[in-house]
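Understanding the architecture of this molecule
Chain residues, written in single-letter form:
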Amino acid sequence: MHTLVTGCRGRIGSTLVSLLHRDGHAVRAASRTPESLAATAEALPAGVPVVACDLSDPATFGTALDGIDAVFLYADPSGIDAFLAAAETAGVGHIVLLSSSSVLAPDAQDNPIAASHHAVEQALIASPLTTTLLRPGTFASNAYQWAQSVRANGSVDLPHPGSHASPIDPTDIAEAALAVLTEPRLQGAAYHLTGPESITATEQVGLLAAASGRPIAINTVTGAAWKESVSAFLPGPVADGLLAYMAALDGVPDEVTGEIEKLTGHPARTFAAWAAENAAAFRP
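Below is a summary of the structure that appears in this document. (Residues numbered from 1 in each chain as written. Predicted model: local features only at pLDDT ≥ 70, side-chain atom pairs only at ≥ 80, totals over all residues. Heavy atoms only, no water.)

Secondary structure summary: the protein chain contains eleven helices and eleven strands in total. Relative to the compact-globule value of 19 Å for 284 residues, the protein chain shows a C-alpha radius of gyration of 19 Å, a close match. Its C-alpha atoms give the protein chain principal-axis dimensions of about 55 × 40 × 35 Å. A total of 284 residues make up the protein chain; the buried ones form 49% of that total. (Helix = DSSP H or I, 4+ residues; strand = E, 2+ residues; numbered from the N terminus. Rg over C-alpha atoms; globule rule 2.2 N^0.38 Å. Buried < 20%, exposed > 50% of the residue type's maximum accessible area, 1.4 Å probe, protein only.)

Given below as structure tokens:
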């Protein structure tokens, strides 16, 4: 099996490449900007070929997919029909999509968080290719959004401190992807991936404080103030969708599944473990 992994500038893609290479599988790393891969924090193993693949540019698909049997795909709907046509022409048999649990919402088609994932899922389901859907919820690494404020002010601003999530370690997602790419019995299904426990935003901050060895204060702010604070990197509709999501889970435990253990053979990593491994990002 020869696998193409897209989005290798990201933690999940780069980790998956390393796992496939470690286990002796032929793998090709792809990125929209392949020249930048050497500068990423997650360095790729020596000898792994790197190729350009911009999921919005069909001109990059043919070379990237040549000789490929399976693909780990990020959910970019802009060129999905052309990508699937190119994959079928190239003889690809299996695509693993990094989707999102947001597609499970009843309004997924119109939800600003879910819409792109939903569109790509629907295109894949309609194609003749075997498709496996990985649907993770909140990433533990989303906590990095608080790092700058913690380092500078020793505090974080939260619109819903009591909002629950079941944060999942990105390494677990990469290991789940490895399993479904290499185990035929796991292919052709959809998996809702979560961490091992539902915890509040306040509890997440507390675990970060314990791991970093410094107190972290919580400032409860209005939704409007929070939206303004993230406007530089979150479009308004996405921020509104996140606010609605946080409000819906304020005081309400998030769903926890056992899919990580089912796929990888080990329990999902805890947020406390993620915080301990990444504590340096929250220290001055």
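Moving on: the pattern of salt bridges. For side chains of opposite charge, pairing can occur when their charged atoms come near one another. The final tally for this structure, using the stated rule, is six salt bridges. Its salt-bridge partner being R135, residue E121 comes within 2.7 Å of it at the nearest N-O pair. Linking E121 in helix 4 (residues 115-126) with R135 in strand 6 (residues 130-136), this pair joins segments that are 14 residues apart in sequence. For the pair E121 and R135, one class covers both residues: buried. In this structure, R269 and E175 form a salt bridge, with 3.2 Å as the shortest nitrogen-oxygen distance. Note that R269 is positioned in the loop between helix 10 (259-264) and helix 11 (271-277) and E175 in helix 6 (residues 170-182), a separation of 94 residues in sequence. With a relative accessible area of 19%, E175 lands in the buried category. A single salt-bridge network, built from bridges that share partners, covers D172, E175 and R269. (Salt bridge = Lys/Arg side-chain N within 4 Å of Asp/Glu carboxyl O.)

With that settled, the discussion passes to the packing of aromatic side chains. Applying the stated criterion to the full structure yields six aromatic pairs. Ring centres of F271 and W274 lie 5.7 Å apart, and the angle between their planes is 25°; on these two criteria the pair is classed as stacked. In this pair, F271 and W274 both sit in helix 11, three residues apart, roughly one turn of the helix. The same class applies to F271 as to W274, namely buried. Clustering of aromatic rings is evident, with ring pairs tying together Y144, F271, W274 and F282. (Phe/Tyr/Trp six-rings, centres within 6.5 Å; stacked < 30°, edge-to-face > 60°.)

What follows concerns helix 4. Between its terminal C-alpha atoms helix 4 stretches 17 Å, which fits the 16 Å expected from twelve residues at 1.5 Å a residue. Residues of helix 4 that are buried include every one of H117, H118, V120, E121, A123 and L124, and no others. Tucked into the core, helix 4 has its buried residues touching helix 3 (80-90), strand 5 (94-98) and strand 6. (Expected span 1.5 Å × (residues − 1). Contact = heavy atoms within 4.5 Å.)

We now examine the packing of helix 1 (residues 11-22) against helix 6. Put simply, helix 1 and helix 6 touch, their axes get as near as 9 Å, and they point 50° apart. Between helix 1 and helix 6, the crossing angle belongs to the class labelled oblique. Helix-helix and strand crossings are classified by hand; for helix 1 and helix 6 the assignment is right-handed. Note on element contacts: helix 6 touches helix 1 through P170, T171, I173, A174, E175, A177, L178, L181 and T182, opposite R11, I12, T15, L16, L19, L20 and R22. Among the residues making up the contact of helix 1 with helix 6, the classes are represented as ten nonpolar, three polar and three charged. (Axes fitted to C-alpha atoms, helices over the stretch in contact; angles between N-to-C directions. Parallel < 35°, antiparallel > 145°, perpendicular 65-115°, else oblique. Left-handed = near helix turned anticlockwise from the far one by under 90°. Nonpolar A, V, L, I, M, F, W, Y, C, P; charged D, E, K, R; others polar.)

This next bit is on the side chain of S102. Structurally, S102 is set in the loop between strand 5 and helix 4. Among residues more than four places away in sequence, those in contact with S102 are A108, I113, A114 and H117.

Turning next to the nonpolar core. Residues V5, L16, V17, F72, L134, L193 and L263 are the most contacted members of the largest nonpolar core, which totals 32 residues. Among the secondary structure elements, those contributing two or more residues to this core are helix 1, strand 2 (26-31), strand 4 (70-74), strand 5, helix 6, strand 9 (190-193) and helix 10. Per element, the largest residue contribution to this core is eight residues, and it comes from helix 6. Once residues lying within four places of it in the same chain are set aside, the contact partners of L193 are L134, R135, P136, G137, I168, I173, A176, T257, E259, I260 and L263. Among the nonpolar cores identified, the runner-up in size contains 24 residues, and C53, I68, L84 and L129 belong to it. (Core = buried A, V, L, I, M, F, W, Y, C linked by side-chain atoms within 4.5 Å.)

With that settled, consider the environment of I216. As for its position among the elements, I216 is in the loop between helix 7 (201-212) and strand 11 (217-220). A sequence separation of 109 residues divides I216 from D107, and the C-alpha atoms of the two residues are 36 Å apart. Apart from residues lying up to four places away in sequence, I216 is in contact with V150, G154, S155, V156, V205, L208 and A209.

The subject of this paragraph is the side chain of D54. Tracing the backbone shows D54 in the loop between strand 3 (50-52) and helix 2 (61-65). Salt bridges are absent for the buried D54, whose nearest opposite-charge side chain, R32, sits at 4.9 Å. With near-sequence residues (within four places) excluded, D54 lies in contact with R32, T60 and F61. (Lys, Arg positive; Asp, Glu negative; His and termini not counted.)

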